Every structure is written in structure tokens, then in C-alpha cells.
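An overview of the molecular structure
Each chain, letter by letter, is given below.
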Amino acid sequence: MPRWLPRAMVLALSLIAVFQLGSWAFHQLTGLLINVLIAFFLALAIEPAVSWMAGHGMRRGLATFLVFIAVLIAAAGFVTLLGSMLAGQIVKMVEDFPDYLDSVINWVNGHFHTELRRVDIQEGLLRSDWLRNYVQDSATGVLDVSAQVLGGLFQMLTVLLFSFYFAADGPRLRRGLCSVLPPARQAEVLRAWEIAVDKTGGYLYSRGLMALISGIAHYILLEILEVPYAPALAVWVGLVSQFIPTIGTYLAGALPMLIAFTVNPWYALWVLIFVVVYQQFENYVLQPKLTSKTVDIHPAVAFGSVVAGAALLGAVGALIAIPAIATLQAFLGAYVKRYDVTDDPRVHGRRNRRSGPGAPTRLRKLWARRPEPGRPGTEGASGGGSA
């Protein structure tokens, strides 16, 4: 056996063991890494506000705390409004359920000549095995739901703690990161950090402004139609339509349509028409003016990045996909060499036609060559043809 073979075998086994240990640790810490990633993008989003307040003489810790308090108050208000709206609608649906059931039974009896009764249906539903099994499963799943709620609260606190650290100690964090890099790399890291702050903050602020405009527009419509819970529905439409690209408007409009349908079915149709028209106004008029300087990426790229982010990290990836792609695009744009585009018609979407006479010219020439009656040579040509 060569002398180097045992040492090579030990080295190979050590590398395999280190790889397995690293893979196991990475899978165990995936949740923590995702929380840190969320906190980092949240810190980037509030960095412009914190830097502005710190530039006017306020300490960064206090400025970060005030920004967090404002964000938490806004989130709590939204959840409270949405919760009260859903609770009121659920209570109303439960109270009106017997009337809905009677109308359905009368329609079925009138069209199919049956003799159904609400009492029989209720007794059959209460005595069914499906309802009994559903109640038992729900009772056993209460502990799982409680554990998930506690886990969600702990995850939210973890994200808030890390994001507060990233925002409050941002300059110290950048100095610590740059201290282990050469000067050339330090400039690149600081430039990438600045681009990430601009793109992430610009994305959220522009989306927030469009959410405000969308919420006001839908609130006016819902108030005109006298749909209940118009403020909460307007806030719902504004937030969901802006932070879920491309299809967010239609997903957000489903809830107002459903509640408007309980008031009058025609109101739901009006809400649908308004949602479609406003989506076109937002795509072609409002969004290009507000996002041209902050997140200037193609809608197809934005939608694809959201799909890819959702496939990799779920809902978190869908939220941070667009600012991440915008940051990467802006950072790489400085290193991609660009050239002047030629004036070839194919660049503008027009086909480069071949040189020569066009189709109308060729048709006129063929028409001129056609033999006419009375022209010399026509009779001989016709006579030869008949012979």
C-alpha cells in the first residue's frame, strides 16, 4: 500500500463527514436563515426613514424604534378592521342561513317537484357521521393550531429583533463587514448595499403610495354602492393588490365582490367592472410614473421572479423577489457593456422585406400583359387554341 493512500482515505472521509454535518446543520437552521433574510429586507425597507431621522439629529436606535412603532400600529389597525369585518359578515351569514336554505329548498321543490323540508335536512345533517367525525378532528386539532400560533408569534419576534439590529446598527454592521475586505472590495460592498436600500425602500414606498390611491378609489366606489365595511375592504384591496403583482388586484377584488353580492348581485358586477378598469389604469398610467425611478423591471420579469421566489421560499420569497431582482439588475447593469443599437427595421418589430418590386407592382405588370379583345395577335392565339 502506498504511504499516501491511508492519509488520502482519512482526508476523504473527513471531507464527507464535514459535508454531511454542514448539510444537516443547514437543514436544521433553514427557518432561522429565512427569518434573518426577512429581517434584512425589512431593515433595508425602513433604512431611508431611519437615515433621514438620524440625519436630523436623532439617534438611530430611537429612530428605528419610532419607525417600528408606526409600522406595528398600522398593521394592528389593519388586522383589527379586517377581523371586525370578517366577524360581522360571518355572524350575518349564520343569521341569514335559514332564509338562504329555505329559498334553496323552495327552488328545488318548485323545479324538481320534490317535498323537501328544512327540518328533515337539519336532522339528517346533525345525525350524519361526517359531522361527528369533523367535530372530533377539530377538537383534536386545537392543540396543533395553538402550537402553530405560538410558533408564528415567536417567528415574528425573531424577525423584529433581527431587523431592529440591522437597522439600528447598520453603520457598525457595514464597518465590521468591510474590515475583513480589501479597499476595492469594500467599495463594491458599500455600493451594493446602497443599491439594495434604494431599490427595496423605493419598491415599498411606491407600492404603499399606489396602495393608498387604490384604496381611496375602491372606497369611493363601495361607499357609493353602500357596501358594508367599505374602509376595511378598501384597505384590503389596496394592500393585496399592490404587494401581489399582476394578479393581486383580481385576488383582492374577490372579497368586495362577495360582500357586494350579499347586498345586491348587480353590485358585484359593478365592482368587477371597476376592478378591471382600474387595473388597466394602474398598469398603463399610474405604475410607470411611480416606479420608473425605483423598480424599473419588466412586468414579465416581475411575475416570473415572484413565481420563482414562491417556489423557493413560499410567501416570503414572493414578497422579497421583486426588490431582490431589481437590486441584482441595478448592480449588474454597471458591469454590462452596452452598445448602440442599429437602425435595422427588425429591431422595431418590422420584417426586412426583400429588394425589388412589391406585390402591387407585380400585379399591375401581370394585368398589363393580359391579352385584350381587338389587340393584334389575339385572334390568332384564340384560333390556334380552338384548333
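Just so we're clear, the structure is a prediction, and the values are computed from it rather than from any experiment. (Residues numbered from 1 in each chain as written. Predicted model: local features only at pLDDT ≥ 70, side-chain atom pairs only at ≥ 80, totals over all residues. Heavy atoms only, no water.)

1. Points about the overall build of the protein
Looking only at helices and strands, the protein has 15 helices and zero strands in total. Counting over 387 residues, the protein shows a buried share of 25%. (Helix = DSSP H or I, 4+ residues; strand = E, 2+ residues; numbered from the N terminus. Buried < 20%, exposed > 50% of the residue type's maximum accessible area, 1.4 Å probe, protein only.)

2. Some remarks on the UniProt feature "transmembrane region" (unreviewed entry) in the protein
Mapped onto the present numbering, the UniProt feature "transmembrane region" (unreviewed entry) falls on residues 35-55, 62-87, 145-167, 204-221, 233-251, 258-281 and 301-328. For residues 204-221, the end-to-end C-alpha separation is 25 Å, with 100% helix and 0% strand making up the annotated structure. Structurally, residues 258-281 comprises 96% helix and 0% strand, and the distance from its first C-alpha atom to its last is 23 Å. (UniProt positions renumbered as here; feature names shortened; annotations may be inferred.)

3. Structural notes on the packing of helix H8 (residues 183-225) against helix H9 (residues 230-243)
Axes are the key here: two packed helices are described by the angle between their axes and the distance separating the axes. For the pair H8 and H9, the least separation of the axes is 7 Å and the interaxial angle reads 145°. As H8 runs across H9, the sense of the crossing is right-handed. Contact residues: Tyr203, Leu204, Arg207, Gly208, Met210, Ala211, Ser214, Gly215, His218, Tyr219, Leu222 and Glu223 in H8; Ala230, Pro231, Leu233, Ala234, Val237, Gly238, Leu239, Ser241, Gln242 and Phe243 in H9. Tallied by class, residues from the contact of H8 with H9 come to 13 nonpolar, seven polar and two charged. (Axes fitted to C-alpha atoms, helices over the stretch in contact; angles between N-to-C directions. Left-handed = near helix turned anticlockwise from the far one by under 90°. Contact = heavy atoms within 4.5 Å. Nonpolar A, V, L, I, M, F, W, Y, C, P; charged D, E, K, R; others polar.)

4. As for the packing of H9 against helix H10 (residues 248-263)
Look at H9 against H10: their axes get within 7 Å of each other, and the N-to-C directions meet at 160°. Put simply, H9 runs roughly antiparallel to H10. The chirality of how H9 crosses H10 is right-handed. Counted together, Leu233, Trp236, Val237, Val240 and Ser241 of H9 and Gly248, Thr249, Ala252, Leu255, Pro256 and Ile259 of H10 form the full contact between these two elements. Residue composition of the contact of H9 with H10, grouped by class: eight nonpolar, three polar and no charged. (Parallel < 35°, antiparallel > 145°, perpendicular 65-115°, else oblique.)

5. Here's the deal with H10
With 16 residues, H10 extends 24 Å from end C-alpha to end C-alpha; this agrees with the ideal 22 Å at 1.5 Å per step. The largest bend along H10 measures about 25° and falls at alanine 254, with the proline proline 256 one to four residues further on. The complete set of buried residues in H10 reads Gly248, Thr249, Ala252, Gly253, Leu255, Pro256, Ile259 and Ala260. (Expected span 1.5 Å × (residues − 1). Bend = angle between axes of the 7 residues up to and from the residue.)

6. Focus on the environment of threonine 262
Tracing the backbone through its elements, the reader meets threonine 262 in helix H10. The sequence separation of threonine 262 and lysine 92 amounts to 170 residues, and the corresponding C-alpha distance is 10.0 Å.

7. Here we look at the packing of aromatic side chains
Two aromatic rings are characterised by how far apart their centres lie and by the angle between their planes. Taken as a whole, this structure holds seven aromatic pairs when the rule is applied. Between phenylalanine 40 and phenylalanine 166 the ring centres are 6.0 Å apart and the planes differ by 85°, which places this aromatic pair in the edge-to-face class. Placement of the pair is phenylalanine 40 in helix H2 (residues 30-55) and phenylalanine 166 in helix H6 (residues 142-168), with a sequence separation of 126 residues. Look at phenylalanine 166 and you get buried, because its relative accessible area is 14%. Note on phenylalanine 162 and phenylalanine 166: the rings are 6.3 Å apart at their centroids and 35° apart in plane angle, and the pair reads as tilted. Note that phenylalanine 162 and phenylalanine 166 are positioned in helix H6 at a spacing of four residues, about one turn of the helix. One aromatic cluster is present, built from ring pairs that chain together Phe40, Phe41, Phe162, Tyr165 and Phe166. (Phe/Tyr/Trp six-rings, centres within 6.5 Å; stacked < 30°, edge-to-face > 60°.)

8. Section: the pattern of salt bridges
Scanning the model with the defined rule gives one salt bridge in all. The salt bridge partner of arginine 60 is glutamate 47, with a shortest N-O separation of 3.1 Å. Of this pair, arginine 60 sits in helix H3 (residues 60-112) while glutamate 47 sits in helix H2, and the two are 13 residues apart along the sequence. Both residues of the pair, arginine 60 and glutamate 47, belong to the buried class. (Salt bridge = Lys/Arg side-chain N within 4 Å of Asp/Glu carboxyl O.)

9. Digging into unusual backbone geometry
Of note in the backbone geometry, glutamate 226 takes a positive phi value of approximately 60° without being a glycine. As for its placement among the helices and strands, glutamate 226 is situated in the loop between H8 and H9.

10. Some points on H2
The terminal C-alpha atoms of H2, which comprises 26 residues, lie 36 Å apart, in line with the 38 Å expected from a rise of 1.5 Å per residue. The sharpest bend along H2 comes to roughly 45°, located at glutamate 47, with the proline proline 48 sitting one to four residues further on. Among the residues of H2, Asn35, Ala39, Phe41, Ala43, Leu44, Ala45, Ile46, Glu47, Val50 and Met53 are the ones counted as buried. Just downstream of H2 lies glycine 57, where phi reads positive at about 100°.

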